[in-house]
Amino acid sequence: AEFKARGVRVLWGYNPWDQGTRDEDEPHWTTLARLLKKTGGDGFNGDTMLSMYKQFWDAGLDIEHHIVGEMEGGGYPVQGGRPEDATFKSAEWSITGWGYFNYELYEDNITYKYEVAPGIDKLKWLDGRRMTHVCDRWAKNRTDALQYAFFNGIGFESWENVWGVFMHITPRDGEALRRVSTLLRWLGRERFIQDYKDWEPYSSDLLRADLLPFAAGGPIASRFLHASGDCLWLVVNRAGREARVQLDTSSCGGGTTRKLFDLYSGLPLSATSEVQLTLEPNGYGAVLATSKDLPIQPLLKEMQDITKRPLHSFSANWEPLRQQMVGSASSAPTALSEPPPGMVLVPRTSYRFRAAGTEIEGGCDVARDSFGVCCVRSTKGQEALQCPRDPECATPCSFNGKDDRGVDVQFPWESTPGRFHDKLLGVGPLYMDKHLVTKSDFARYLNATGYRPRDAYNFLAGWRATAAGPVPAAGEERQPVVWVALAEARAYCAWAGKRLPHVYEWQLAAQGTDGRRFPWGDEADEPGGRRRPKPEAGPGVPALPEVGAFSPAGDSVYGVSDLVGFVWQYTDEFQDDHTRTVLLKGSSLYAPMLSDAFPAVTQVGNWYFPQAPQVDRHGRMMLMDESYERAATLGFRCAADHADSPPAPYHYRDLHVADRATLLFA
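Keep in mind the model is a prediction, meaning the values are calculated, not measured.

This part covers the packing of aromatic side chains. Scanning all chains against the criterion turns up 44 aromatic pairs. Taking the centre distance of 6.2 Å and the plane angle of 85° together, the rings of phenylalanine 353 and tryptophan 413 count as edge-to-face. On the criterion of sequence distance, the pair formed by phenylalanine 353 in strand β21 (residues 349-357) and tryptophan 413 in the loop between β21 and β22 (420-427) is long-range, its members being 60 residues apart. Under the relative-accessibility criterion, phenylalanine 353 is labelled buried at 0%. Here phenylalanine 411 and phenylalanine 574 contribute two aromatic rings whose centre-to-centre distance is 5.4 Å and whose plane-to-plane angle is 90°, an arrangement assigned as edge-to-face. You can see phenylalanine 411 sitting in the loop between β21 and β22 and its partner phenylalanine 574 sitting in strand β24 (residues 568-575), a full 163 residues away along the chain. In terms of burial, phenylalanine 411 and phenylalanine 574 fall into one category: buried. Ring pairing ties together the aromatic residues Tyr351, Phe353, Phe411, Trp413, Tyr504, Phe574 and Tyr652, which thus form one cluster.

Next up on the list: the environment of glycine 13. Topologically, glycine 13 is positioned in strand β1 (residues 11-14). Considered as a pair, glycine 13 and arginine 637 are 624 residues apart in the sequence and their alpha carbons are 33 Å apart.

Turning our eyes to something else, we now look at the sheet that holds strand β4 (residues 96-99). The strand order across the open sheet formed by six strands is β1-β2-β3-β4-β7-β8, and the pairing between neighbours is parallel. Bordering the open sheet on either side are β1 and β8 (155-156), each of which pairs with just one other strand. Across the sheet, helix α2 (residues 28-39) lies against β1 and β2 (43-46), angled at about 150° from β1, the strand it touches most.

A word on the sheet that holds strand β13 (residues 231-237). As summarised here, the arrangement of the six strands in space is β11-β12-β13-β18-β15-β16, forming an open sheet in which the pairing is antiparallel. Because the sheet does not close on itself, it has two edges, and the strands there are β11 (198-201) and β16 (267-269). Strand-to-strand, the axes of this sheet are offset by a mean angle of 20°, without reference to chain direction. Sheet topology note: the strand β12 (residues 219-225)/β13 ladder contains seven bridges and is antiparallel. Its bridge partner lying in β13, proline 219 is registered against asparagine 237.

Here we take up helix α8 (residues 439-449). Of the residues making up α8, those classed as buried are Lys439, Ser440, Asp441, Phe442, Ala443, Tyr445 and Leu446. Turning to α8, the residues buried within the fold contact α9 (486-495). Glycine 450, located one to two residues past α8, shows a positive phi value of around 70°.

Bridge count for β1 against β2 is four bridges, and the pairing is parallel. Its bridge partner lying in β2, glycine 13 is registered against asparagine 45. Handedness of the β1-α2-β2 crossover: right-handed. Alignment of β2 against strand β3 (residues 68-71), held across four bridges, turns out to be parallel. Residue pairing for β3: glycine 43 is matched across the bridge by valine 68. Considered for its hand, the β-α-β crossover made up of β2, helix α3 (residues 54-62) and β3 is right-handed.

Moving on, we get to the nonpolar core. One finds Phe150, Leu234, Leu263 and Tyr284 to be the most contacted residues of the largest nonpolar core, which totals 46 residues. Breaking this core down by element, the ones donating at least two residues are β7 (131-134), α5 (143-152), α6 (171-189), β12, β13, β18 (284-290) and α7 (297-306). Once residues within four sequence positions are removed from consideration, tyrosine 284 is found in contact with Thr143, Leu146, Gln147, Phe150, Ala176, Val180, Val235, Val236, Tyr264, Leu279 and Leu311. By size, the runner-up hydrophobic cluster in this structure holds 30 residues, among which are Trp413, Leu425, Val503 and Ala639.

Time to look at empty space enclosed by the protein. Considering all chains together, one arrives at three cavities of 30 Å³ or more under this definition. The volume enclosed by the largest cavity comes to roughly 60 Å³. As for the largest cavity, its lining consists of Gly164, Val165, Phe166, Pro320, Leu321, Gln323, Arg405, Gly406, Pro417, Asp576 and Arg620.

Take the packing of α8 against α9 next. Taken N-terminus to C-terminus, the directions of α8 and α9 make an angle of 75°; their axes are 11 Å apart at the nearest point. In terms of orientation, α8 and α9 fall into the roughly perpendicular class. Side by side, α8 and α9 meet where Asp441, Phe442, Arg444, Tyr445, Ala448 and Thr449 of the first sit next to Glu488, Ala491, Tyr492 and Trp495 of the second.

Analysis parameters
- Residues numbered from 1 in each chain as written.
- Predicted model: local features only at pLDDT ≥ 70, side-chain atom pairs only at ≥ 80, totals over all residues.
- Heavy atoms only, no water.
- Phe/Tyr/Trp six-rings, centres within 6.5 Å; stacked < 30°, edge-to-face > 60°.
- Helix = DSSP H or I, 4+ residues; strand = E, 2+ residues; numbered from the N terminus.
- Buried < 20%, exposed > 50% of the residue type's maximum accessible area, 1.4 Å probe, protein only.
- Pairing = 2+ DSSP bridges.
- Contact = heavy atoms within 4.5 Å.
- Axes fitted to C-alpha atoms, helices over the stretch in contact; angles between N-to-C directions.
- Right-handed = clockwise from strand over helix to strand, strands pointing away.
- Core = buried A, V, L, I, M, F, W, Y, C linked by side-chain atoms within 4.5 Å.
- 1 Å grid on protein atoms, 1.4 Å probe; cavity = no way out; pocket = protein on both sides within 12 Å on 5 of 7 lines; lining within 4 Å.
- Points joined across faces, edges and corners; volume = space filled by probe spheres on them.
- Parallel < 35°, antiparallel > 145°, perpendicular 65-115°, else oblique.

Put into structure tokens, the structure is as follows:
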């Protein structure tokens, strides 16, 4: 309701391929329509969907709640999807969608390449009510996408936080977006760029020197004819140099009552048949011819104010946001001759910490990948994975591309975030819990402290409520505790006189110093599966084994158990100016596989949170609130400091290597 009061429409995110994690016992479209009506939502964004299938539209009609579907594929006809995706049929009931208007990728395999001459939105050409949002989520420079949107009189997907990678909009692009959106929103309300009478892309009203081909760039105009007979020209300068524009407005009627306005600059123009404008490099222009008394003065005043400074004076520089690793205080140090009860000693070690993030998108540099996380196969054409059919889909990989967007994290010794990490550290001595914290352990903590969360949603889901507080279900006391947030895991460790382990401490305790991929060696398991739980695909999270169930066969060289395949395990938190994330180690026994059953289509990857049972890999989870963090697949263990442990807040010693070039990614 608050969104609606501000004129904002609300679309839910919908993943049609997610058919294995929760069964509503009814078709997806029925559930979605029902929930949208219950919450007042306007529609949904269909992730990976090529077009909006009529079942979704009909489901809304059946309950008298019309819904709009914004499909990632936009509804443009394509081959390779379902038969319904090969035609314009869905345009009969779906008038929104994303638009990927690039024609290929640059050599870095992540930056979109656009034609100089802007593409035309075919669906808007067919139906003037259409609203497309141009999407280019990994762009450092949004000029192409913004100009394509402006030329077509459509929207722009101003997406910055891309699954925790902050693809921030540069000051120049941000200023261009402010100007473009101010104009387009006013023009949309006044029905110049929607519900218009006619639209002429590449209007001949703009006089191009010596019949200059459009592919050569320069100023290019779209002409919109309003139902009243008024005219609008939207102009983009597709060149990196200033351009003079000559615009013939004589084709637009109005006679002696006609008024002309330079909407972009917010200025009235002389009522002549020819308008001359100067467009700055990669700039914008908008001219309105009207004989009506439009509510235009507030727009002119605003555009005058925001266009005083040229776009090229704003910085177009883009670089990843710097991150800060959140440190932790030391636990009360001890120099016991024996480890504390339930803990094992990890001795002082010169440890080469090598690790890789498993995020699916964001760039994965194959030339630097000695971990095997980058996809071997292309995501395009006949070589692309066909998920869920191809066996490789069971182990999601990271799409190939230049690793310069800031994917994954930035450790204190690094100058920028990146997927791959390699550093010689002095780690330990420290103590590590032999087992994961159990439900009975956490119940003792609750009884001792009386802790109750402010927001109890998903807190210790499945526990029995009693007068004394929640208790585990009978027979589950020795299972790992799950459904706890990061702050709750930290609080438990502090109560126990410990702290959460850093990711390099966890990895050392699991890997030892010989670079093995699993706690027991380099093989994923052995016949009979004695070392780790067997991953299961669903439809729900299987029952957790008791801690120690795979000990000692699955233990590390230091005797630490339950490291791989039980539950994901909390380690370090990282922050930038906009986002909080936490690194998770060990993977869980739940490994769902996406579906290509209707309404999904075959996918080029498995979009679920990638498994990372190899100890030199980690997952990265966004942190938003405690109820969101709690999960059936996420637990933790604690670490404790030794009297000789490295100091807080990061608990490592920086070791220097004479020749770093021989160490990095060898």
